[in-house]
Amino acid sequence: MLLLEFQSFLLDGLLNTLFLSSVMIAGGTFFAVIFAAGLSAPSGWLRRPVYALVECLRDIPLMVTVLMVYFVLPHAGLSFNPFWSSALSVSVWGGANGAHIIRAGLLSVPSGQREAALSSGLRGWKGLFLVIIPQAMPVILPPYVSLVTSLTQASSLGAVLGVNELLRSAQILIEQTTIARGGSPAYLVYGAILVVYFALCWTISAFGAKLERHFAKPYQRANGKTQLEGRPTVALQITTT
């Protein structure tokens, strides 16, 4: 079977895809946090330029961003190889989309929770990580997991620049097999690639669903107490548990 005959070649492409996807997810999360902080800045001098940059990155097709990073930035003195050009362009695009997800999640936490954190002596980063972010996670996680799967799929754009990831490996295998043996095995190879990408994204979605259930537990317990004790709000229950 063709896939078994060239399994080492395809496995190498898969490993490169996993590494590239990991870099894109980490980079996208980094830029998302930076952009979200800029969008939430009290100073308009910082908030407006960050907003303009984020909207520009969201509105430009991702393929155009990839090509601009690879072909245009060298004219500005910033040159990257195909791998890092793909990683940087997709990470920045992911960060622009993730920034609004994080910002919306943080804004969903009632202001009373921030006041409660301050009154408990949890100021600055302590209040953010111990009080605000855990309550924002149920809002952030569902769309952010979807974004992570999109970043994983976007790793295939590296094939446009010649990155030897899974899709590029499949293309090379199809071309060489067609020339050497005649007859295109495209349906077989691309079908196998489709299954691999589906498995990767399904695994990410399943892990994300598990995280969602974990962060939803305090709300479920609070809802149970509210129904039993007749208390009017869930926020108070989260604060006191």
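Scoring rules and cut-offs
Residues numbered from 1 in each chain as written. Predicted model: local features only at pLDDT ≥ 70, side-chain atom pairs only at ≥ 80, totals over all residues. Heavy atoms only, no water. Salt bridge = Lys/Arg side-chain N within 4 Å of Asp/Glu carboxyl O. Helix = DSSP H or I, 4+ residues; strand = E, 2+ residues; numbered from the N terminus. Buried < 20%, exposed > 50% of the residue type's maximum accessible area, 1.4 Å probe, protein only. Axes fitted to C-alpha atoms, helices over the stretch in contact; angles between N-to-C directions. Parallel < 35°, antiparallel > 145°, perpendicular 65-115°, else oblique. Left-handed = near helix turned anticlockwise from the far one by under 90°. Nonpolar A, V, L, I, M, F, W, Y, C, P; charged D, E, K, R; others polar.

## Here's the deal with the pattern of salt bridges
Scanning the entire structure with this criterion turns up two salt bridges. We note a salt bridge from Glu5 to Arg181, for which the minimum N-O separation is 2.7 Å. Note that Glu5 is positioned in helix α1 (residues 2-5) and Arg181 in helix α9 (residues 166-181), a separation of 176 residues in sequence. A salt bridge links Arg58 to Glu55; the nearest nitrogen and oxygen atoms lie 3.2 Å apart. Of this pair, Arg58 and Glu55 both sit in helix α3 (residues 44-59), three residues apart, roughly one helical turn. On the basis of relative accessibility, which here comes to 19%, the residue Glu55 falls in the buried class.

## Focus on the packing of helix α2 (residues 7-39) against helix α5 (residues 82-107)
It is the contact of α2 with α5, at a shortest axis distance of 6 Å, that shows an interaxial angle of 45°. Judged on the interaxial angle alone, α5 and α2 are oblique. As for how α2 packs across α5, the hand of that crossing is right-handed. Its residues placed into classes, the contact of α2 with α5 shows 19 nonpolar, eight polar and one charged.

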